[in-house]
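# Structural characterization, general
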Amino acid sequence: MARVALVTGGSRGIGEAISKKLKSEGYEVAATYAGNDEAASKFTEATGIKTYKWNVADYDSSKAGIEQVEADLGPIDIVVANAGITRDAPFHKMTPEMWHQVIDTNLTGVFNTVHPIWPGMRERKFGRIIVISSINGQKGQFAQVNYAATKAGDLGIVKSLAQEGARAGITANAVCPGYIATEMVMAVPEKVRESIISQIPAGRLGEPEEIARCVAFLASDDAGFINGSTISANGAQFFV
Ligand code: CAA
Ligand code: NAP
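Note that the coordinates shown come from a computational prediction; the quantities given were computed from them, not determined experimentally.

Calculation criteria
- Residues numbered from 1 in each chain as written.
- Chains lettered and ligands numbered in written order.
- Predicted model: local features only at pLDDT ≥ 70, side-chain atom pairs only at ≥ 80, totals over all residues.
- Heavy atoms only, no water.
- Near = heavy atom within 4 Å.
- Polar contact = N/O pair within 3.5 Å; in protein donor to acceptor, adjacent residues only side chain to side chain.
- Areas by Shrake-Rupley, 256 points an atom, 1.4 Å probe, with all protein chains shown as cover.
- Helix = DSSP H or I, 4+ residues; strand = E, 2+ residues; numbered from the N terminus.
- Pairing = 2+ DSSP bridges.
- Axes fitted to C-alpha atoms, helices over the stretch in contact; angles between N-to-C directions.
- Contact = heavy atoms within 4.5 Å.

### Considerations on the site of ligand 2
The environment of ligand 2 is formed by 29 residues, the closest being Arg12, Gly35, Asn82, Tyr147 and Thr182. The backbone of asparagine 82 places a nitrogen or oxygen atom 2.7 Å from an oxygen atom of ligand 2. Burial of ligand 2 by the protein chains amounts to 93% of its free accessible area of 900 Å². Elements supplying a minimum of two residues to the shell around ligand 2: α1 (13-24), α7 (145-165) and α8 (183-186).

This is the structure in structure tokens:
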């Protein structure tokens, strides 16, 4: 039977590429989204991948949504915690609301996604947890105190889960993309974006598919001894 993969924020951007790649590798895929119904239905129409709508920042909604996915497709074997947002501002302009929105979605959202799935993975003695962190969690970023904190936090999550899950056949790893051509990056003012691209030795933004291939590898049986690691895919912009 095909393994079941859940991709949060799997209807657009990097998540869309991950959902498609996992489907092409033979997984049964469920993709979640927050509110963009139009993008989600276009995605399902084009790919045949079922979408589910819930806010990853809300524990009860995540738990109920995950129960629905498991009722529809079977136990989740692979979880890709990809859903994320930015609320950028220099620190002196960052409001508590901007801080909390990003923490609740990008960091607590990972807890809310993995926690309800974890007991089943432990029982079944198999699981793959892949968290989409960021280059900016590794190096920090002007105007992203909130976002960088969440993405650095993701690395703490996977390193800790890796130690807890290893004996139960569960791996937990992160992918740290550099700047990738999605709506998130296109929302950065054009001049700032051009200056960012000029700092990428590869001379270009990454493509969502380049991240999806990293995820597919981490999900595979070949990656069974890779646990607590981070794959950086950033066009040589930053080395850890
Ligand atoms: N480094 C140092 N100084 C900087 C700077 C930087 N990167 N960016 C701006 N500044 C300076 C400006 O030059 C300006 O200086 P002066 O006051 O001396 O003129 C000062 O900071 C304030 O700048 P602004 O008035 O333009 O600030 P603002 O309130 O209008 O905010 C901004 C603008 C939100 C910072 C905008 O420049 C921006 O969006 N920057 C991009 C931030 C970024 O990289 N976000 C990543 C989004 S994509 C993503 O997050 C995906 C991922 O994981 C990679
Ligand atoms: P994107 O194009 O903006 O897509 C974001 C996806 O996440 C959408 O499907 C969105 O749903 C969903 N989402 C957002 N908030 C949610 C919430 N509260 N609950 C459920 N789903 C939610 O973003 P992206 O660029 O593909 O980024 C995906 C991930 O990669 C994020 O974690 C981001 O931080 C990380 N990342 C991105 C880059 C980059 O350069 N793009 C680099 C490094 C890391 P809707 O469609 O309903 O809005």
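### Topic: the sheet that holds strand β4 (residues 78-81)
If you walk across this open sheet you meet the seven strands as β3-β2-β1-β4-β5-β6-β7, and the pairing is parallel. Every interior strand has two partners, whereas the edge strands, β3 (50-53) and β7 (230-233), have only one. Strand after strand, the sheet turns through a mean of 20° between neighbouring axes, direction not considered. Both strand β1 (residues 4-7) and β4 contribute to a ladder of three bridges, which runs parallel. Bridge pairing links leucine 6 to valine 79 in β4. Sheet strands in contact with helix α10 (residues 208-219) are β4, β5 (127-132), β6 (170-177) and β7, and its direction is about 165° off that of β6.

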